[in-house]
Amino acid sequence: MEKKGKTIGMETQSREFDVIVVGTGPGGATTARELSRKNRKVLLLEWGGKSPIRGNLVSYALQAGIPGKGLLFTSELLGMVRGIATGGGSVFYYGTAFDPPAEMFKRYGVDISREIEEIRDELPIAPLADHLVGPMSERIMESAQALGYSWRKLPKFVYQERCRPDCPRCNYGCPYGAKWSARMYVDEAVSNGAEIRNHSKVTKVLVSGGKAVGVEYVRHGVRRRVHGEKVVLSAGGVGTPAILRASGFPGVGYDYFFDPLIAVMGVVDDIRGGKEFPMSAGVHMEDEGYLMTDMTIPAMLHVTLNAWALRFDSLHTHANTLQIMIKAKDSLGGRITDSGGVRKKLAETDKKKLAKGYERAREILARAGARSIHKSRPIAAHPGGTVKIGEFLDADLKTGLDNLYVCDCSVIPEAWGLPPTFSLIALGKRLARRLTEVHR
Ligand SMILES: Cc1cc2nc3c(=O)[nH]c(=O)nc-3n(C[C@H](O)[C@H](O)[C@H](O)COP(=O)(O)OP(=O)(O)OC[C@H]3O[C@@H](n4cnc5c(N)ncnc54)[C@H](O)[C@@H]3O)c2cc1C
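Residues numbered from 1 in each chain as written. Predicted model: local features only at pLDDT ≥ 70, side-chain atom pairs only at ≥ 80, totals over all residues.

As for the overall build of the protein chain
The cut-off we apply is this: Labels follow the DSSP assignment, with helices taken as runs of H or I lasting at least four residues and strands as runs of E lasting at least two, numbered in each case from the N terminus. In this description the radius of gyration comes from C-alpha coordinates, and the expected globular size is given by 2.2 Å times residues to the power 0.38. Placing C-beta atoms from the backbone, we regard two residues as in contact once those atoms come within 7 Å.
When helices and strands are tallied, the protein chain shows ten helices and 21 strands. Here the C-alpha atoms of the protein chain give a radius of gyration of 21 Å, agreeing with the 22 Å that 2.2 N^0.38 yields for 440 residues. Over its C-alpha atoms, taken along the principal directions, the protein chain stretches across nearly 70 × 45 × 40 Å. Partitioning the intrachain contacts of the protein chain with sequence separation of at least 6 by distance along the chain shows that 75% fall at a separation of at least 24.

Here you go:
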């Protein structure tokens, strides 16, 4: 479809798209992929680049480690990593496919049961085969089970035939294509005819006649405008509220969650490892409000965590360190700043959850033969709940403005504490279905 656009002191695109999707994490990539399969003319705008996933420290640092971009800090100096790259956080995530809390979504009028089944058919979701579970994960699992925990292998989004044992790269992005990432859906959308513009940071939504009609974005230093019939914001739990604020929604970006975590570490003498799939197994301590899993990380991240916790005595122990992650369901609070900064303090109840998990992890590690047990400083994991369904969005994920939708971690309506990707893929599929039902 071709249409004339106005130029207002900047470059304006005259082409019009059916749907403009902002951000290419699991929420945006899935929406774009599904729409492109139904022959919708889709434009993806992505702040980050699309450099190859090399699975090394340098590519990770460039896409997830630049302060103010991939790496944010809360007011209490909790680090928060997000991927600013095609595929968003899923390039660097741990691939855990946690069942969506379908009943919770249903209470808000969002039924994703059909989409959940579809995803199970389409994506490789299964616990890792035994030969892909590393010795550190195994040792922790044995110890936890002996102490009575129902610690089990977790389902993963992994093409296991491409996955390699003794490999430390998951955390830096899998170069073998074993770990499903949203970049795969972006590639599929592009092969179906969608267009992607990388290095395009969206600043606001364009509104005319009470409707969203496009977006303004900055690419290579030039401010540009592009028009589309519908706009889907999928810039993540921090990016999306910042765009909405600049577009006349002052109330978004408050009372959110960030699923804080700590790493509990202990040194063993009889394993030399440190190269394995993180989060292979664990247990959801639902009543106590946290998740416990193994979490083996690459050597440089081990050094960083320990240095940040002032444990300089542990900088060299990477190959012998068993590590358990405690990820808590934090209470809602805080605010996203207008420029996309994160302000939030851990509540006392959140600290207690992490402390309880620490106590349990200590016991598990001690039984596994570990000594010198200590913990990292807390880290903020998944920011979300910044543009909640039921508050700013209806059950179709539509904002108060016609033609403007949101689909990413922002939309989650309650405190969370779970790996969100499976849920976001389901929401993306459902949104695309809704848009194509209405938009004929
Ligand atoms: C180390 C780590 C491990 C994890 N492990 C798991 C796991 O095992 N399982 C799980 O389910 N989840 C995991 N997660 C979380 C998961 O990766 C995220 O929750 C998920 O990627 C969020 O998806 P999203 O669609 O909300 O947006 P994101 O993935 O955050 O993507 C948002 C996209 O929007 C882009 N963007 C931002 N602002 C703008 C803008 N203004 N203009 C244009 N583009 C913009 C970003 O560059 C990014 O590509 C992990 C995260 C991390 C960091």
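With respect to the packing of helix 1 (residues 26-37) against helix 6 (residues 182-191)
Stated precisely, the cut-off is as follows: Interaxial angle, 0 to 180 degrees, is taken between N-to-C directions of lines fitted to C-alpha atoms, where a helix line uses only the stretch in contact. Working definition: roughly parallel below 35 degrees, roughly antiparallel above 145 degrees, roughly perpendicular at 65 to 115 degrees, and oblique for all remaining angles. In this scheme the crossing of two helices becomes right-handed for a clockwise turn of the near helix relative to the far one and left-handed for an anticlockwise turn of less than a right angle. Under the scheme applied, nonpolar residues are Ala, Val, Leu, Ile, Met, Phe, Trp, Tyr, Cys and Pro; charged residues are Asp, Glu, Lys and Arg; polar residues are all the others, including Gly.
At their nearest, the axes of helix 1 and helix 6 sit 8 Å apart, and the two run at 25 degrees to each other. On the basis of the axis angle, helix 1 is roughly parallel to helix 6. Seen along the crossing, helix 1 lies across helix 6 with a hand that is left-handed. On helix 6, the residues that touch Pro-26, Ala-29, Thr-30, Ala-32, Arg-33 and Ser-36 of helix 1 are Ala-182, Tyr-185, Val-186, Glu-188 and Ala-189. When the residues that make up the contact of helix 1 with helix 6 are grouped by side-chain class, the tally is seven nonpolar, two polar and two charged.

Here's the deal with the confidence of the model for the protein chain
Here is the rule: Along the chain, pLDDT gives the predictor's confidence residue by residue, from 0 to 100.
Confidence in the prediction of the protein chain, expressed as mean pLDDT, is 95, and 96% of residues score 70 or more. Segment residues 1-9: pLDDT under 50, and 14 contacts once partners within four positions in sequence are set aside and those in other chains are kept.

Structural notes on helix 5 (residues 135-146)
Threshold: To estimate the expected span of a helix, subtract one from its residue number and multiply by 1.5 Å. We call a residue exposed when 12 or fewer other C-beta atoms sit within 10 Å of its C-beta, buried when the count reaches 20 or more, and partly exposed for counts in between; the C-beta positions come from the backbone.
Given a rise of 1.5 Å per residue, twelve residues ought to cover 16 Å, and the 16 Å separating the end C-alpha atoms of helix 5 matches this to within 8%. Of the positions making up helix 5, those classed as buried are Met-136, Ser-137, Arg-139, Ile-140, Met-141, Ser-143 and Ala-144. Those residues of helix 5 hidden inside the fold are in contact with strand 14 (281-285), strand 15 (290-294), strand 16 (321-328) and helix 9 (348-367). Directly beyond the C-terminal end of helix 5, a positive phi value near 100 degrees is found at Gly-148.

Description of the sheet that holds strand 17 (residues 333-336)
Rules: If DSSP finds at least two bridges between two strands, the strands pair.
Here three strands make up an open sheet; going across it, the order is 12-17-18 and the pairing antiparallel. Of all strands in the sheet, those with a lone pairing partner are strand 12 (254-256) and strand 18 (342-343), marking the two edges. Alignment of strand 12 against strand 17, held across two bridges, turns out to be antiparallel. Residue pairing in the sheet places Tyr-256 in a bridge with Gly-333 of strand 17.

Some points on the domain arrangement of the protein chain
What counts, and what does not: Where each domain starts and ends follows an automatic or database-derived domain assignment.
The domains assigned to the protein chain are domain 1 (1-50 + 85-123 + 180-252 + 385-440) and domain 2 (124-166 + 258-381). Using only C-alpha atoms to locate each centre, domain 1 and domain 2 end up separated by 30 Å. Take the side of domain 1 that touches domain 2: its biggest share by element is five residues, from helix 7 (residues 236-246). Looking at the side of domain 1 that touches domain 2 residue by residue, the classes come out as nine nonpolar, six polar and two charged.

What about the site of the ligand?
Counted only if it meets this: Only the C-beta atom, placed from the backbone, is used; a residue is near a molecule or strand if that atom lies within 6 Å of it.
In the region of the ligand, 41 residues are neighbours, and Gly-23, Gly-25, Gly-88, Gly-89 and Gly-239 sit closest. Contributing elements (two or more residues each) for the shell around the ligand: helix 1, strand 9 (200-208), helix 7 and helix 10 (421-438). Counting residues per element, the shell around the ligand draws most heavily on helix 7, which supplies four residues. Class assignment of the residues belonging to the shell around the ligand gives a composition of 19 nonpolar, 18 polar and four charged.

Overview of the pairing of strand 11 (residues 222-233)
Bridge count for strand 10 (residues 211-219) against strand 11 is six bridges, and the pairing is antiparallel. Its bridge partner lying in strand 11, Val-218 is registered against Arg-223. Hairpin connection, strand 10 to strand 11: the antiparallel pair is bridged by two residues, and His-220 has positive phi, about 50 degrees. Sheet analysis places strand 11 next to strand 21 (residues 404-406), joined by three bridges and oriented parallel. Considered in strand 21, the bridge of Leu-233 is made with Val-406.

A closer look at unusual backbone geometry
The backbone phi angle of Leu-310 is positive, close to 60 degrees, even though this residue is not glycine. Position of Leu-310 relative to the elements: it lies in the loop between helix 8 (299-308) and strand 16. One non-glycine residue with positive phi stands out, namely Ser-372, at about 55 degrees. With respect to the helices and strands, Ser-372 occurs in strand 19 (residues 371-375).

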